[in-house]
Amino acid sequence: MSAYPEHLDVAAIRADFPALARTVRNDNPLVYLDSGATSQKPVQVLDAEREFYERHNGAAHRGTHLLGEEATDVYEGARAKVAAFLGAGPGEVVFTKNATEAINLVAYALSNDRSGSFRVGPGDEILITEMEHHANLVPWQQLCERTGATLRWLDVTPEGRLDLDHLDSMITGRTRIVAVTHQSNVTGTIPPVAEIARAAHEKGALVLADAAQSVPHQPVDVAALGVDFLAFSAHKMLGPYGIGVLFGRASLLEAMPPFLTGGSMIEVVRMEGSTFLPPPQRFEPGVPAVAEAAGLAAAVDYLSRLGMGNVAAHEESLTAHALDALREIDGLRILGPDTTKDRGGAVAFEVEGVHPHDVGQVLDELGIAVRTGHHCAWPLHRALGVQASTRATFYVYNTHGEVDALADGIRYAQRFFKAG
Ligand SMILES: Cc1ncc(COP(=O)(O)O)c(C=O)c1O
């Protein structure tokens, strides 16, 4: 029996992904280890989008004709499916362009609330962490610049965990929101978001979780996490580009001002001014991305059929294998936790004497797709003492053979550059 148990029928899964059947450079089979950037898409998702365009294409929430009605059903059906997947109510799911837009929506509300209940100002504090993707960092910097609030952050330990020793003193009576990743896209670290949320709520602060790397890979229940907001993108969870999700607690969305404005989000418009629909429509101006919503719903169905517990277990098995295999390579340093405890399937590393871009290029020549650079987490790289890294990320279709191919490829790169 393999040391790494199987939790999914990976051969059957791979048959659903046309891209995985192709060969790439030098006629090598594609070894796709970049799902953290964007996942591949199964035929079920592609079919759902095609079927929408072939049969139901109309503008949701607009026409009185049958196609418009069907489009509305597809769109609202997708919302209900996503809500059930997260343990939320349908009115608590706002469709955005991606996770980045979802986070910006919340950051903007905190500076544009004319009624005052959300308004942030000088003396207020926003707490983030050094581990964040730029999508959960730059919008908060901008919020502070607009409002005069102060940005504070939790540090990262040399092991790549959040330093929570000073959590209680870092969250103060002036903290308005704590925005934290639910899984690092570099080190795979899974911070204790539920614990952080409890501490934040005790001081009256709101909590946003950046779930771009968690919702695709582990069961996520917003009630159990205790967060007020949660953001993610469809394209990292087998779904299409162009659609993302903001979960927001109903009472908060109700009180929040709109972000982008225009058609489809208004109640009454006069030349002198306008009033707005209740959420979620208040936050969804313009003709909605219905085909993308259909694709996202198919992705949720696909993942639900596999079972998110099995998805997480499969990735844990691949991650354990990768950590074991990479640890054996002389001159290689894994960034982040050395075990799979509270750690997901993102494995970033540096290879002594070989620049990450060169590692990536040699792997690419072998057909192995990884990501190189700072992965939109520059401060985290600085905290870990590196400028850049090479990163492999795993998903439902990856095999243990591909983990071995990665390790062999890194050794080949070391030989090629006479390192290690
Ligand atoms: C942790 C994390 N947050 C946010 C994002 C932003 O996602 P998107 O570019 O789809 O908005 C990413 C994308 O890589 C991510 O990994």
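Residues numbered from 1 in each chain as written. Predicted model: local features only at pLDDT ≥ 70, side-chain atom pairs only at ≥ 80, totals over all residues. Heavy atoms only, no water.

Student: Go over the sheet that holds strand S7 (residues 229-233) with me, naming the residues and quoting the values.
Tutor: Pairing between the strands of a sheet comes from backbone hydrogen bonds, and it takes one of two forms, parallel or antiparallel. With mixed pairing, the 7 strands of this open sheet are ordered in space as S2-S8-S7-S6-S5-S3-S4. Of all strands in the sheet, those with a lone pairing partner are strand S2 (93-96) and strand S4 (150-154), marking the two edges. On average, each strand axis in the sheet is inclined to that of its neighbour by 20 degrees, with strand direction left out of account. (Pairing = 2+ DSSP bridges. Helix = DSSP H or I, 4+ residues; strand = E, 2+ residues; numbered from the N terminus. Axes fitted to C-alpha atoms, helices over the stretch in contact; angles between N-to-C directions.)

Student: Kindly report on the pattern of salt bridges, identifying the contributing residues and their values.
Tutor: Side-chain pairs of opposite charge can arise whenever the charged atoms involved come near each other. Taken as a whole and judged by the stated rule, the model has 17 salt bridges. Among the ionic pairs, Asp-228 bridges to Arg-249, the shortest N-O distance being 2.6 Å. Highlighted residues: Asp-228 in the loop between helix H8 (222-225) and S7 and Arg-249 in the loop between strand S8 (244-248) and helix H9 (250-255), separated in sequence by 21 residues. Of the residues examined, Asp-228 reaches a relative accessible area of 1% and is grouped as buried. (Salt bridge = Lys/Arg side-chain N within 4 Å of Asp/Glu carboxyl O. Buried < 20%, exposed > 50% of the residue type's maximum accessible area, 1.4 Å probe, protein only.)

Student: Describe the packing of aromatic side chains, naming the residues involved and giving the relevant values.
Tutor: As enumerated under the stated definition, the model contains 8 aromatic pairs in all. Taking the centre distance of 5.6 Å and the plane angle of 65 degrees together, the rings of Phe-52 and Tyr-53 count as edge-to-face. Tyr-53 gets classed as partly exposed once you look at its relative accessible area, which sits at 47%. Geometrically, the ring pair formed by Phe-416 and Phe-417 is edge-to-face, given 5.1 Å between the ring centres and 75 degrees between the ring planes. Cation over ring: Arg-305 sits above Tyr-302, and NZ or CZ is 4.8 Å from the ring centre. (Phe/Tyr/Trp six-rings, centres within 6.5 Å; stacked < 30°, edge-to-face > 60°. Lys NZ or Arg CZ within 6 Å of the ring centre and 35° of its normal.)

Student: Could you give me a rundown of the packing of helix H11 (residues 308-327) against helix H14 (residues 400-416), with the residues and numbers involved?
Tutor: At a closest axis distance of 9 Å, the pairing of H11 and H14 adopts a crossing angle of 25 degrees. One way to sum up the angle between H11 and H14 is to call them roughly parallel. Once H11 is placed against H14, the crossing between them reads as right-handed. Contact with H11, carried on its side by Ser-317, Leu-318, His-321, Ala-322, Ala-325 and Leu-326, involves His-400, Val-403, Asp-404, Leu-406, Ala-407, Ile-410 and Arg-411 of H14 and no other residues of that element. Each residue belonging to the contact of H11 with H14 can be placed in one class, and the counts come to 8 nonpolar, 3 polar and 2 charged. (Parallel < 35°, antiparallel > 145°, perpendicular 65-115°, else oblique. Left-handed = near helix turned anticlockwise from the far one by under 90°. Contact = heavy atoms within 4.5 Å. Nonpolar A, V, L, I, M, F, W, Y, C, P; charged D, E, K, R; others polar.)

Student: I'd like a rundown of the site of the ligand, residues and numbers included.
Tutor: Near the ligand, the surroundings consist of Asn-98, Ala-99, Thr-100, His-133, Ala-135, Asn-185, Asp-210, Ala-212, Gln-213, Ser-233, His-235 and Lys-236. Here an oxygen atom of the ligand and a backbone polar atom of Ala-99 are 3.4 Å apart. The separation between an oxygen atom of the ligand and a polar side-chain atom of Gln-213 is 2.7 Å. In isolation the ligand exposes 400 Å². Once the protein is present, 90% of that is buried. (Near = heavy atom within 4 Å. Polar contact = N/O pair within 3.5 Å; in protein donor to acceptor, adjacent residues only side chain to side chain. Areas by Shrake-Rupley, 256 points an atom, 1.4 Å probe, with all protein chains shown as cover.)

Student: Can you break down the side chain of Asp-113 residue by residue, with the values?
Tutor: Examined against the element boundaries, Asp-113 turns out to sit in the loop between helix H4 (99-112) and strand S3 (125-129). Among buried charged residues, Asp-113 stands out as having no salt bridge; its nearest opposite-charge side chain is Arg-119, 7.0 Å away. Within the local environment of Asp-113, its side chain forms a polar contact with the backbone nitrogen of Phe-118, the two atoms lying 2.7 Å apart. Those residues in contact with Asp-113 that lie beyond four places of it in its chain are Phe-118, Arg-119, Ala-255 and Pro-257. (Lys, Arg positive; Asp, Glu negative; His and termini not counted.)

Student: Explain the nonpolar core residue by residue, including any values.
Tutor: Ranked by size, the top nonpolar core spans 78 residues in total, and within it Leu-86 and Leu-230 carry the most contacts. When residues in this core are grouped by element, the largest group, 12 residues, is from helix H10 (residues 290-306). In this view, Leu-86 contacts Val-215, Val-220, Asp-221, Val-222, Leu-230, Phe-232, Val-245 and Phe-247; residues no more than four positions away in its chain are not counted. Among the nonpolar cores identified, the runner-up in size contains 29 residues, and Val-106, Ala-107, Ala-179 and Phe-229 belong to it. (Core = buried A, V, L, I, M, F, W, Y, C linked by side-chain atoms within 4.5 Å.)

Student: Please give an account of empty space enclosed by the protein that cites residues and values.
Tutor: Per the counting criterion, the structure on display carries 1 cavity of 30 Å³ or more. In this structure, the largest cavity occupies an estimated 50 Å³ of space. Lining the largest cavity, in full, are Ser-35, Gly-36, Gln-183, Ser-184, Gln-213, His-217, Glu-315, Gly-345, Ala-346, Thr-393 and Phe-394. Partitioning the lining of the largest cavity into residue classes produces 2 nonpolar, 8 polar and 1 charged. (1 Å grid on protein atoms, 1.4 Å probe; cavity = no way out; pocket = protein on both sides within 12 Å on 5 of 7 lines; lining within 4 Å. Points joined across faces, edges and corners; volume = space filled by probe spheres on them.)

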